[in-house]
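Coordinates in review
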Amino acid sequence: MKEMILVLITLCVVMSAEAQQSGNSAYNNSRFENIGKPSLNERLYLNDSTFIIEGSVLKNVIADGYVATFGLAEEGLSLKDCNKRITDRINDFVADLVKFGIQKNDIYVDMTTQNKIYDYNVTGSFAEQYLKGFELKKNVVFRFNKIGDLDRIMLIAAEYKIYDIVKVDYIVNDIESIYQELFKSVTAIIEKKKALYASAGTSPIQPVGTQVYAEQFTSYYPEQLYKSYVVNESSEYYNNYGNQKKDLRKSPTFYYSPINIAGFDKVINPYVIEPAVEFVLTLQMKYKSKK
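Chains are numbered independently. Their residues run from 1 in the order of the written sequence. In keeping with the model being predicted, local features are shown solely for residues with a pLDDT of at least 70 and side-chain atom pairs are shown and tallied solely at 80 or more, while totals for entire chains, interfaces and linings include all residues. Hydrogens and waters are ignored; side-chain quantities use all the structure's heavy atoms.

Comments concerning the confidence of the model for the protein chain
pLDDT expresses how confident the predictor is about each individual residue, on a scale running from 0 to 100. Overall, the predicted model of the protein chain reaches an average pLDDT of 82, with 74% of residues at or above 70. Helix and strand definitions here come from DSSP, where helices need a minimum of 4 consecutive H or I residues and strands a minimum of 2 consecutive E residues; each element is numbered from the N-terminal end. By mean pLDDT, helix 1 (residues 2-22) is the weakest element of the protein chain at 39, and strand 9 (residues 266-268) is the strongest at 97. Throughout, a residue-residue contact means that at least one pair of heavy atoms, one from each residue, lies within 4.5 Å. The model gives residues 1-27 a pLDDT under 50, and that stretch makes 11 contacts with residues more than four places away or in other chains.

Concerning the sheet that holds strand 3 (residues 107-123)
One key point about sheets: their strands pair by backbone hydrogen bonds, in either a parallel or an antiparallel sense. Spatially, 3-4-2-5 is the arrangement adopted by the 4 strands of the open sheet, whose pairing is antiparallel. Where the open sheet ends on each side, the last strands, each with one partner, are strand 3 and strand 5 (164-171). Averaged over all pairs of adjacent strands, the angle between strand axes in this sheet comes to 20 degrees, irrespective of strand direction. Inspection of the sheet shows strand 3 paired to strand 4 (residues 126-144) by 16 bridges, in the antiparallel sense. Directly across from Ile-107, in strand 4, lies its bridge partner Phe-142. Packing of helix 2 (residues 79-100) onto the sheet brings it into contact with strand 2 (65-76), strand 3 and strand 4, and relative to strand 4 it is tilted by some 20 degrees. This element, helix 3 (residues 150-158), spans strand 2, strand 4 and strand 5 of the sheet and lies at about 15 degrees to strand 2. A pair of strands is considered paired only if DSSP assigns at least 2 bridges between the two. For helices, the axis comes from a line fit to the C-alpha atoms of the stretch in contact; other axes are also lines fit to C-alpha atoms, and the angle between any two N-to-C directions lies between 0 and 180 degrees.

Details of helix 2
For helix 2, spanning 22 residues, the distance from its first C-alpha to its last is 31 Å, which sits close to the expected 32 Å at 1.5 Å a residue. Classification of residues uses two cut-offs on accessible area relative to the type maximum, computed with a 1.4 Å probe and protein chains only: under 20% is buried, over 50% is exposed, and between them is partly exposed. Of the residues making up helix 2, those classed as buried are Cys-82, Ile-86, Arg-89, Ile-90, Phe-93, Val-94 and Leu-97. On an axial view of helix 2, the arc spanned by its buried residues comes to 135 degrees, and they lie on one face. Across from the buried face of helix 2, at angles greater than 90 degrees, the exposed residues are Lys-80, Lys-84 and Lys-99. Buried positions along helix 2 lie against strand 2, strand 3, strand 4 and helix 3. One less than the number of residues in a helix, times 1.5 Å, gives the span that helix is expected to have. It is the directions from the helix axis to the C-beta atoms that the arc portrays.

So this is what it looks like as structure tokens:
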């Protein structure tokens with residue numbers, strides 16, 4: 001019995017240590033489904049005279065700018081009344097954004113939906129539907145440069161009862177230069193691998209012609225990389241008597257989870273403390289040897 005208790009205590013300690021090391025993200029059931037290195041053809045030799053060498057590089061890039069979309073809605077008895085009230089809120093919000101430092105030309109108002117609102121008049125056991133009013137929804141879309149400004153912008157929006165942050169887009173301006181940097185880096189890695197294979201006596205060791213066999217240039221944006229989990233420990237409830245139960249609300253936690261770096265030959269700018277755009281280039285070169 002003592003041995004069983006000791007084993008149970010040991011297991012509890014191990015499980016506790018694992019939870020502390022991994023953080024609460026261990027509650028995420030899909031934590032082993034992280035995005036990883038793109039998989040191309042993994043064959044080394046194509047035939048007795050040609051072979052493949054692969055290189056893969058990841059770079060974390062902080063966005064050059066951001067585009068936020070804030071949504072708001074207004075109800076009214078008439079479309080005219082509805083439109084006036086939502087326009088007043090938007091104009092005041094936009095004026096404060098301009099005071100905050102956002103350029104007027106970087107702000108756009110997009111009307112998204114216009115709906116009728118119906119209700120019922122109930123007389124005894126008879127309910128008759130009627131047109132109660134209208135609902136108008138619009139989005140305020142604007143560009144800003146520092147992600148840290150978003151907290152203050154949210155407070156400005158709240159002054160006008162605008163609480164719906166529809167999305168935030170991360171913008172990287174010069175993707176072409178990023179591709180060129182990754183291409184130079186990955187080709188240098190392939191050259192080093194070629195030299196290592198030759199030093200290890202791998203045959204063939206004298207390639208005389210090369211060509212790109214396969215390539216994949218991929219980007220991953222933060223909205224693709226956020227995950228969530230719900231932390232709670234609860235006892236089992238067995239309902240044998242038809243009693244109802246009411247559970248407390250469990251709030252999910254969201255966190256940024258960059259792609260798994262396992263398998264990459266090189267990671268450029270590996271330490272990022274804010275969500276970044278991740279660019280990946282995987283390249284395979286085919287070598288033809290002398291006969």
